[in-house]
Amino acid sequence: MDQIVITGNGPLHGEVRVAGAKNAALPIIAAALLTGEPLRVSNVPEIRDIHTAIKLMQLLGAQVEFADGELCIDCGELSSVRAPYELVKTMRASILWLGPLLARFGEADVSLPGGCAIGTRPVNEHISGLRAMGADIDIEAGYIKAKAQRLRGAHYAFDVPSVTATENLLMAAALAEGTTVLENCALEPEVEDLAVLLQQMGAGISGAGTSTITIEGVSSLHGTTHRVPPDRIETGTFLVAAAATRGRIRVVDTNPDFLQHVLGKLAQSGAQLELGADWIELDTQGRRPQAVNVTTAPHPAFPTDMQAQFMALNALAEGSATVVENIFENRFMHVAELQRMGADIELQGHTAIVRGRPRLQGAQVMATDLRASACLIIAALAADGDTTIDRVYHLDRGYANIDTKLAGLGALVRRVKS
Ligand code: EPU
């Protein structure tokens, strides 16, 4: 199992290119199930979750080619509609296979994902939404077994604006009979991007990017080409790493429009920001960051996927701040690891009270989930001495070549086999 060893050596500086967004690419791959024609996707990130998604497609019988960020998926003929536990447990986004499989093949057999390091992560919204569209769904031996001759358009209002449930129903409704109206939809840019893709495939969708989306079902969809948008969370992660190490970096091939709250918080921490159409420059002028309060909420508010990174920033900042997690009930596993590095953090339910320390010390720490790993990387870059991060497979699920990219920004980082 790989470990990453980082020797804290001061400010990050230079330019880094951001990859395509994991959370946009995964629903795009699932959407390939909706058509018998090839779907060609570019700017696909070289990360573990994408390889898992490809493995799942191949297991179902799809033809897949993937090289240099270019992916071609052909679901002309499938031999199975079953997403097995062995793959689903390593990638919860496999739940996205449920809606499209059911809509196109009338049947789907998708393992329940089970628990996760950041919370229980229920899938009740996915199931109720599909039932509202006429699906017959049973839970048997840990699997969601769904059947429907043809899904019917329905009116469904989400109790919570779930990202993947909105995406699942959007895909299912695209091939349903009649009109579907989805209310209280998630507003994350990845949902809107999926709607654009589905429109390119021939779906009738209006209202994407707002909380009410209307889908006119069609009997078949066709292949198309699509480019995965830049990863807003990878962008934010590099910017916070630069802010925490008192550095100056330029992040390119990104989209500043996706990150308004995060950029606002970085400006509040004292960093100077300059934005272009597809780049962001952050300059701390060598100053220690000021502590900033953050409260996570659905898009367009502050994203839960950036909470852990700001926890690391606050642990090193001047002053005290509160970090409130409102999306997932257990997304504070990184706190105990930061404490091992000398951070002063007190947990009170969903709130962390962080009192900044001028320095943290390198230590042996363990990554518990994807964004917790990013938090530990940031702390390690700014800490004194060596930090060894265990279980970096979490990191590899969502960050493409992060060690190489950090080395390009001047970090002393190496990957070792334990
Ligand atoms: N929820 C329910 N019932 C459901 C579905 C969700 O109660 O059926 C609740 C969840 O428990 C949570 C809230 O709704 O409290 C929002 O969760 P959501 O369903 O939106 O999360 P998700 O779709 O499972 C996606 C991202 C996550 C990201 C969240 C929130 C993908 C593949 N994953 O997950 O990304 O944290 O939205 O923005 O898009 C990550 O990249 O590290 C990651 C975890």
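Scroll up to find the structure this text is about.
Residues numbered from 1 in each chain as written. Predicted model: local features only at pLDDT ≥ 70, side-chain atom pairs only at ≥ 80, totals over all residues. Heavy atoms only, no water.

Student: Give a description of helix 11 (residues 333-340) that names residues and reports values.
Tutor: Where helix 11 is concerned, the buried positions are His 334, Val 335, Glu 337 and Leu 338. The arc enclosing the buried residues of helix 11, seen along the axis, measures out at 165°, which places them on a common side. Where the residues of helix 11 are buried, they touch helix 10 (307-315), strand 20 (344-348), strand 22 (364-366) and helix 12 (370-382). Directly beyond the C-terminal end of helix 11, a positive phi value near 100° is found at Gly 342. (Buried < 20%, exposed > 50% of the residue type's maximum accessible area, 1.4 Å probe, protein only. Helix = DSSP H or I, 4+ residues; strand = E, 2+ residues; numbered from the N terminus. Arc of directions from axis to C-beta. Contact = heavy atoms within 4.5 Å.)

Student: Just give me the short version of the sheet that holds strand 13 (residues 213-216), but keep the residues and values in it.
Tutor: By way of backbone hydrogen bonds, the strands of a sheet pair with one another, either parallel or antiparallel. Across the sheet, which stays open at both edges, the 4 strands sit in the order 10-11-13-12 with mixed pairing between neighbours. Looking at which strands have only one partner, the edges of the open sheet turn out to be strand 10 (155-157) and strand 12 (204-206). Direction aside, the axes of adjacent strands within the sheet are offset by 15° on average. Pairing geometry for strand 10 and strand 11 (residues 179-183), over 3 bridges, is parallel. (Pairing = 2+ DSSP bridges. Axes fitted to C-alpha atoms, helices over the stretch in contact; angles between N-to-C directions.)

Student: Would you mind going over the nonpolar core in detail, with residue names and values included?
Tutor: In terms of nonpolar packing, the biggest core is built from 80 residues, with Met 57, Trp 97, Leu 130, Leu 151 and Leu 198 touching the most fellow members. If near-sequence neighbours (up to four positions away) are discounted, Leu 130 is found in contact with Leu 98, Gly 99, Leu 102, Ala 135, Ile 137, Leu 151, Leu 169 and Ala 172. Residues Ala 308, Leu 316, Leu 376 and Ala 382 belong to the second largest nonpolar core, which totals 66 residues. (Core = buried A, V, L, I, M, F, W, Y, C linked by side-chain atoms within 4.5 Å.)

Student: Describe helix 1 (residues 22-31), listing the residues and the values that go with them.
Tutor: Burial within helix 1 is extensive, with 9 of its 10 residues counted as buried. Among the residues making up helix 1, those that are buried are Lys 22, Ala 24, Ala 25, Leu 26, Pro 27, Ile 28, Ile 29, Ala 30 and Ala 31.

Student: How would you sum up the site of the ligand? Please name residues and give values.
Tutor: Neighbouring the ligand are 21 residues; Ser 162, Val 163, Thr 164, Asp 305 and Ile 327 lie closest to it. Between the ligand and the protein, one listed contact pairs an oxygen atom with a backbone N or O atom of Pro 122 at 3.2 Å. Between Asn 124 and the ligand, the recorded distance is 2.8 Å, taken from a side-chain N or O atom to a nitrogen atom. For the ligand, the accessible surface in isolation is 820 Å², of which the surrounding protein chains cover 85%. Counting only elements with at least two residues in the shell around the ligand, the list comes to helix 1, helix 5 (124-132), helix 6 (163-174) and helix 12. At 3 residues, helix 5 tops the list of elements feeding residues into the shell around the ligand. Its residues assigned to classes, the shell around the ligand shows 8 nonpolar, 6 polar and 7 charged. (Near = heavy atom within 4 Å. Polar contact = N/O pair within 3.5 Å; in protein donor to acceptor, adjacent residues only side chain to side chain. Areas by Shrake-Rupley, 256 points an atom, 1.4 Å probe, with all protein chains shown as cover. Nonpolar A, V, L, I, M, F, W, Y, C, P; charged D, E, K, R; others polar.)

Student: Can you break down the pattern of salt bridges residue by residue, with the values?
Tutor: In this structure the tally under the stated criterion is 19 salt bridges. Linking Arg 397 and Asp 49 is a salt bridge whose minimum nitrogen-to-oxygen distance equals 2.9 Å. Highlighted residues: Arg 397 in helix 13 (residues 393-398) and Asp 49 in helix 2 (residues 48-60), separated in sequence by 348 residues. A relative accessible area of 1% places Asp 49 in the buried class. Lys 405 serves as the salt-bridge partner of Glu 234, at 2.7 Å between the closest nitrogen and oxygen. Of the two residues, Glu 234 is situated in helix 8 (residues 232-244) and Lys 405 in helix 14 (residues 402-408); the sequence distance between them amounts to 171 residues. Of the two residues, Glu 234 and Lys 405, both sit in the buried class. Shared partners join several salt bridges into a network, and the residues in it are Asp 2, Asp 396, Asp 403, Arg 415 and Lys 417. (Salt bridge = Lys/Arg side-chain N within 4 Å of Asp/Glu carboxyl O.)

Student: Can you explain the packing of helix 10 against helix 12? Please cite residues and give values.
Tutor: Closest axis-to-axis distance for the helix 10/helix 12 pair is 7 Å, and the angle between their directions is 20°. In terms of their interaxial angle, helix 10 and helix 12 are classed as roughly parallel. The way helix 10 lies across helix 12 gives a crossing that is right-handed. Along its contact with helix 10, which presents Ala 308, Gln 309 and Ala 312, the element helix 12 presents Arg 371, Ala 372, Ala 374, Cys 375, Ile 378 and Ala 379. When the residues that make up the contact of helix 10 with helix 12 are grouped by side-chain class, the tally is 7 nonpolar, 1 polar and 1 charged. (Parallel < 35°, antiparallel > 145°, perpendicular 65-115°, else oblique. Left-handed = near helix turned anticlockwise from the far one by under 90°.)

Student: Help me get a handle on the environment of Glu 192, residues and values and all.
Tutor: In this fold, Glu 192 is placed in helix 7 (residues 189-200). In this structure Glu 192 comes out as partly exposed when scored by relative accessible area, which is 37%. For the pair Glu 192 and Thr 210, spaced 18 residues apart in the sequence, the C-alpha separation amounts to 8.6 Å. When neighbours within four sequence positions are excluded, Glu 192 is seen to be in contact with Ala 208 and Gly 209.

Student: Can you explain the sheet that holds strand 24 (residues 412-417)? Please cite residues and give values.
Tutor: Ordered by their spatial adjacency, 4 strands build an open sheet running 22-23-1-24, and the pairing between neighbours is mixed. The sheet is open, and its two edges are formed by strand 22 and strand 24, each paired on a single side. Adjacent strand axes in the sheet meet at a mean angle of 25°, parallel and antiparallel pairs treated alike. Pairing analysis gives 3 bridges linking strand 22 to strand 23 (residues 386-390), with the strands arranged parallel.

Student: Outline the packing of aromatic side chains, listing residues and values.
Tutor: Enumeration over the complete set of coordinates arrives at 2 aromatic pairs. Plain terms: the ring middles of Tyr 156 and Phe 158 are 5.3 Å apart, the flat faces sit at 85° to each other, and that makes the pair edge-to-face. As far as burial versus exposure is concerned, Tyr 156 and Phe 158 are alike and both buried. When the ring of Phe 302 is compared with that of Phe 310, the centres are 5.2 Å apart and the planes differ by 85°; the resulting orientation is edge-to-face. Residue classification places Phe 310 among the buried positions, given a relative accessible area of 0%. (Phe/Tyr/Trp six-rings, centres within 6.5 Å; stacked < 30°, edge-to-face > 60°.)

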